[in-house]
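Residue strings, one per chain:
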Amino acid sequence: MTTLLTFRDNIKGFYSRYDFILTPIVKFIMAFVIFVSLNSRFGYWHFLDNKMIIVVLALVCAFLPIEVMAGIGGVIIALQSVKVALDVGLLAVAVILIFYCAYMRFVPKTGIIVLIVPICFSLHLTYALPIILGFLVGPSAIIPTAFGLLLYYYEGCLSELVKVFAAATDEDTAVQGFQYVINAMIDNKAMMLIMAVSALVILITYCIYKLPVDHSFVVAFIAGGFFNVILYLFGNVLVLVEVDIASVVVGSVVGIVLALFIQFFKGVVDYQRTELLQFEDDEYYYYVKAVPKLSVSGTNKNVKHINTKTSN
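Residues numbered from 1 in each chain as written. Predicted model: local features only at pLDDT ≥ 70, side-chain atom pairs only at ≥ 80, totals over all residues. Heavy atoms only, no water.

Thoughts on the pairing of strand 2 (residues 285–290)
- Pairing between strand 1 (residues 275–280) and strand 2: 6 bridges, direction antiparallel. Bridge pairing in strand 2 links E275 to A290.
- Linking strand 1 back to strand 2 in an antiparallel pair, the connection comprises 4 residues. (Pairing = 2+ DSSP bridges. Helix = DSSP H or I, 4+ residues; strand = E, 2+ residues; numbered from the N terminus.)

Here we look at unusual backbone geometry
- The phi angle at H124 is positive, at roughly 60°, despite the residue not being glycine.
- By relative accessible area, H124 is classed as exposed at 68%.
- Positive phi, normally seen in glycine, also occurs at H215, with a value near 55°.
- Within the fold, H215 resides in the loop between helix 10 (189–209) and helix 11 (216–238). (Buried < 20%, exposed > 50% of the residue type's maximum accessible area, 1.4 Å probe, protein only.)

With respect to empty space enclosed by the protein
- A complete count under the given rule lists 1 cavity of 30 Å³ or more for this structure.
- V117, C120, F121, T126, L129, P130, T145, L149, I194 and S198 together form the lining of the largest cavity.
- Broken down by secondary-structure element, the contributors of at least two residues to the lining of the largest cavity are helix 6 (113–122), helix 7 (129–136), helix 8 (142–167) and helix 10.
- The element that contributes the greatest number of residues to the lining of the largest cavity is helix 6, accounting for 3 residues.
- Looking at the lining of the largest cavity residue by residue, the class counts come to 7 nonpolar, 3 polar and no charged. (1 Å grid on protein atoms, 1.4 Å probe; cavity = no way out; pocket = protein on both sides within 12 Å on 5 of 7 lines; lining within 4 Å. Points joined across faces, edges and corners; volume = space filled by probe spheres on them. Nonpolar A, V, L, I, M, F, W, Y, C, P; charged D, E, K, R; others polar.)

Re the nonpolar core
- In terms of nonpolar packing, the biggest core is built from 67 residues, with F35, Y154 and F221 touching the most fellow members.
- Ignoring anything within four residues of it in the chain, the contact list for F35 reads I54, L57, A58, C61, M69, I72, G73 and I76. (Core = buried A, V, L, I, M, F, W, Y, C linked by side-chain atoms within 4.5 Å. Contact = heavy atoms within 4.5 Å.)

Re the pattern of salt bridges
- What the rule picks out here adds up to 2 salt bridges.
- Among the salt bridges present, the one from E155 reaches R41, with a minimum N-O distance of 2.8 Å. One end of the pair, E155, is in helix 8; the other, R41, is in helix 2 (residues 19–41), with 114 residues separating them in the sequence. Of the two residues, E155 and R41, neither departs from the other in class, the shared state being buried. (Salt bridge = Lys/Arg side-chain N within 4 Å of Asp/Glu carboxyl O.)

Description of the layout of surface pockets
- Considered as a void within the structure, the largest pocket measures approximately 920 Å³ in volume.
- Taken together, 27 residues line the largest pocket, and the ones lying closest to its centre are M30, I116, I132, L136 and I262.
- Those elements that place two or more of their residues in the lining of the largest pocket are helix 1 (2–17), helix 2, helix 6, helix 7 and helix 12 (245–266).
- For the lining of the largest pocket, the class distribution of residues is 24 nonpolar, 1 polar and 2 charged.
- Here the second largest pocket defines a volume of roughly 550 Å³.
- Taken together, 26 residues make up the lining of the second largest pocket; nearest its centre are A92, V95, I96, F147 and L150.
- Within the residue set of the lining of the second largest pocket, elements represented by two or more residues are helix 4 (66–84), helix 5 (86–104), helix 6, helix 8, helix 9 (173–186) and helix 10.
- Looking at the lining of the second largest pocket element by element, the count peaks at 7 residues for helix 5.
- For the lining of the second largest pocket, the residue count by class is 22 nonpolar, 3 polar and 1 charged.

Observations regarding helix 7
- With 7 of 8 residues buried, helix 7 is to be regarded as a mostly interior element.
- Considered for burial, the residues of helix 7 that qualify are L129, P130, I131, I132, L133, G134 and F135.
- Looking at the packing, one finds that the buried side of helix 7 touches helix 6, helix 8, helix 10, helix 11 and helix 12.

Observations concerning the packing of helix 2 against helix 6
- At a minimum axis separation of 10 Å, helix 2 and helix 6 run at an interaxial angle of 70°. Between helix 2 and helix 6, the interaxial angle falls into the category roughly perpendicular. Our pair here, helix 2 against helix 6, has a crossing hand that is left-handed. Only L115, P118, I119 and S122 of helix 6 make contact with helix 2, whose side of the interface consists of V33, I34, S37, L38 and R41.
- Here the contact of helix 2 with helix 6 is composed, by residue class, of 6 nonpolar, 2 polar and 1 charged. (Axes fitted to C-alpha atoms, helices over the stretch in contact; angles between N-to-C directions. Parallel < 35°, antiparallel > 145°, perpendicular 65-115°, else oblique. Left-handed = near helix turned anticlockwise from the far one by under 90°.)

So, a positive patch on the surface
- A contiguous patch of positive charge on the surface is contributed by K12, K210, K266 and K293.
- Residue position: K266 is located in helix 12.
- Given a relative accessible area of 39%, K266 falls into the partly exposed group. (Patch = residues over 30% accessible without salt bridge, like charges linked within 9 Å, V, L, I, M, F, W, Y side chains within 5 Å. Areas by Shrake-Rupley, 256 points an atom, 1.4 Å probe, with all protein chains shown as cover. Lys, Arg positive; Asp, Glu negative; His and termini not counted. Charge placed at Lys NZ, Arg CZ, Asp CG, Glu CD.)

As for the packing of aromatic side chains
- Under the defined criterion, the tally for this structure stands at 19 aromatic pairs.
- Here F135 and Y209 contribute two aromatic rings whose centre-to-centre distance is 5.4 Å and whose plane-to-plane angle is 50°, an arrangement assigned as tilted. Of this pair, F135 sits in helix 7 while Y209 sits in helix 10, and the two are 74 residues apart along the sequence.
- Measuring from ring centre to ring centre gives 5.5 Å for F226 and F227, while their planes differ by 80°; the resulting arrangement is edge-to-face.
- On the basis of relative accessibility, which here comes to 48%, the residue F226 falls in the partly exposed class. (Phe/Tyr/Trp six-rings, centres within 6.5 Å; stacked < 30°, edge-to-face > 60°.)

Structure representation (structure tokens):
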């Protein structure tokens with residue numbers, strides 16, 4: 001355990017020393033992956049696939065706040081949608097504006113979750129993500145997660161819509177395109193089920209994680225994975241949506257493991273050294289439970305031995 005803690009502290013210390021270099025690099029890589037993923041999944045406007053344009057956009061995001069990344073991603077989605085049909089593009093713009101005005105203005109840093117959710121779908125981390133977001137972000141992750149799921153299924157709708165346009169012969173395709181997307185999203189029971197389960201798992205994980213009990217984070221992660229499986233089982237029966245329960249179980253286990261890994265780097269506490277403190281002011285008594293974090297940073301010290309010679 002000491003070796004792992006030393007390794008963790010060395011990594012955190014290295015990152016804190018070179019934060020001014022590593023943070024832009026991480027943001028550049030994140031932006032590049034997101035923009036490439038968006039263009040590969042939509043891919044209707046080929047000039048946006050130009051790697052030089054993507055690199056320039058990623059460089060811009062590397063030195064600006066992370067909410068800029070979400071804004072550029074929204075512009076890419078709108079442009080790709082306009083290429084399919086003007087009214088569909090206007091629908092995409094309207095949804096993006098609703099998300100910005102109703103949510104992102106107040107919690108700007110979590111808007112990037114919208115673009116991360118579809119990538120997690122591609123990496124088969126759909127069922128792991130709510131457990132991780134539950135303790136890292138909390139209830140504020142519910143809305144961007146829902147919009148991220150909306151974006152993922154919207155991509156599928158556009159793909160099907162392009163096929164419909166290719167087979168259409170009448171001149172009313174614009175109206176049909178708008179109606180097709182709206183109807184497809186409303187009738188998608190699988191999307192609604194995943195939204196509901198993800199929201200509940202985020203809330204359950206967050207609430208248990210914040211409980212003032214020993215090892216609450218372990219209980220929170222296991223409970224999040226357990227309810228993840230149970231809620232999808234109920235969804236199979238009540239909503240009549242076929243969900244691969246084996247994938248849910250595997251995803252929940254992966255989510256628990258990843259959450260434990262992230263928590264280890266975030267901080268591990270030493271419950272054996274818990275202290276209960278009491279103090280007061282003119283109006284209140286305060287009872288505080290203090291649990292120190294495990295750290296071995298103090299072991300990395302250079303000790304110099306000074307030998308003094310005594311003269312006879």
